[in-house]
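# Structural overview
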Amino acid sequence: VDDLRLAETLNRLIAEDTHSGQRRLPILLQVNVSGEATKEGFALIGGVQSANWPAFVATVRQIVALPFIHVQGLMTIAPYSDDLEGVVRPCFRSLREVRDRLAAEVPDGDWRHLSMGMSGDFEIAIEEGATLVRVGTAILGER
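What comes next is a walk through the structure. Since this is a predicted model, take the numbers as computed values, not measurements. (Residues numbered from 1 in each chain as written. Predicted model: local features only at pLDDT ≥ 70, side-chain atom pairs only at ≥ 80, totals over all residues. Heavy atoms only, no water.)

What the protein contains, in helices and strands, is five helices and five strands. The C-alpha atoms of the protein give 16 Å as radius of gyration, which agrees with the globular expectation for 143 residues (15 Å, within 12%). Dimensions of the protein along its principal axes, counting C-alpha atoms only, are 45 × 40 × 25 Å. Relative to its 143 residues, the protein shows a buried fraction of 42%. Partitioning the contacts of the protein with sequence separation of at least 6, the portion at a separation of at least 24 is 60%. Of the accessible surface of the protein, which amounts to about 7,900 Å², a share of 54% is contributed by carbon and sulfur atoms. Between the mean site of the 14 positive side-chain charges and the mean site of the 20 negative ones, the protein shows a separation of 5 Å. (Helix = DSSP H or I, 4+ residues; strand = E, 2+ residues; numbered from the N terminus. Rg over C-alpha atoms; globule rule 2.2 N^0.38 Å. Buried < 20%, exposed > 50% of the residue type's maximum accessible area, 1.4 Å probe, protein only. Contact = heavy atoms within 4.5 Å. Areas by Shrake-Rupley, 256 points an atom, 1.4 Å probe, with all protein chains shown as cover. Lys, Arg positive; Asp, Glu negative; His and termini not counted. Charge placed at Lys NZ, Arg CZ, Asp CG, Glu CD.)

See below:
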């Protein structure tokens, strides 16, 4: 989920669904810490140092408070780069720092997951705290 409006829509749809049992929908918040234009998510270039931090935290508090939404962590996609140490690792580290700070500032959230890393960089993602990785190419090969 990458904005409040989407979270509110999902919350409303679950509330209206008589077959849902009114369970909470587990979600991850997508965060763009790299600033790469091709990436989606909450714009938080520079992570916790971003000028958008206060607005981001306020929005996260609103999402966490939705009764049928269960925020379980954060996700990001690093820029595609051969510079794993200079470009990719800082992106993953920044998301971990965002998660750690959110855990302190929004303790009602469930911050168990960091989804980051794909086939070319999942080792670094795991070193930086990833709990979920996407490794399709490593398993299935190139498309």
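This part covers helix α2 (residues 53–64). With 12 residues, α2 should reach 16 Å at 1.5 Å per residue; the first-to-last C-alpha distance of 16 Å fits that figure. Every buried residue belonging to α2 is among Trp53, Phe56, Val57, Thr59, Val60, Ile63 and Val64, and all of these are buried. One side of α2 carries all its buried residues, which in axial view fall inside an arc of 165 degrees. (Expected span 1.5 Å × (residues − 1). Arc of directions from axis to C-beta.)

Turning to the pattern of salt bridges, a few remarks are in order. In a structure, side chains of opposite charge can pair up when their charged atoms sit close to one another. This model, assessed by the stated rule, comprises 10 salt bridges. Across the pair Glu128 and Arg96 runs a salt bridge, and its minimum N-O distance is 2.6 Å. Highlighted residues: Glu128 in the loop between α4 (122–127) and β5 (132–134) and Arg96 in helix α3 (residues 84–105), separated in sequence by 32 residues. A single salt-bridge network, built from bridges that share partners, covers Glu85, Arg89, Arg93, Arg96, Glu127 and Glu128. (Salt bridge = Lys/Arg side-chain N within 4 Å of Asp/Glu carboxyl O.)

For the rest of this paragraph, the subject is the sheet that holds β5. With parallel pairing, five strands are arranged side by side in an open sheet as β2-β1-β3-β4-β5. Each end of this open sheet is capped by a strand with a single partner; those strands are β2 (42–43) and β5. Here five bridges tie strand β1 (residues 25–32) to strand β3 (residues 69–75), and the two strands are oriented parallel to one another. Bridging from a neighbouring strand, Gln30 pairs with Met75 of β3. The strands touched by helix α1 (residues 4–16) are β1, β2 and β3; relative to β3, the strand with the most contacts, the crossing angle is about 145 degrees. (Pairing = 2+ DSSP bridges. Axes fitted to C-alpha atoms, helices over the stretch in contact; angles between N-to-C directions.)

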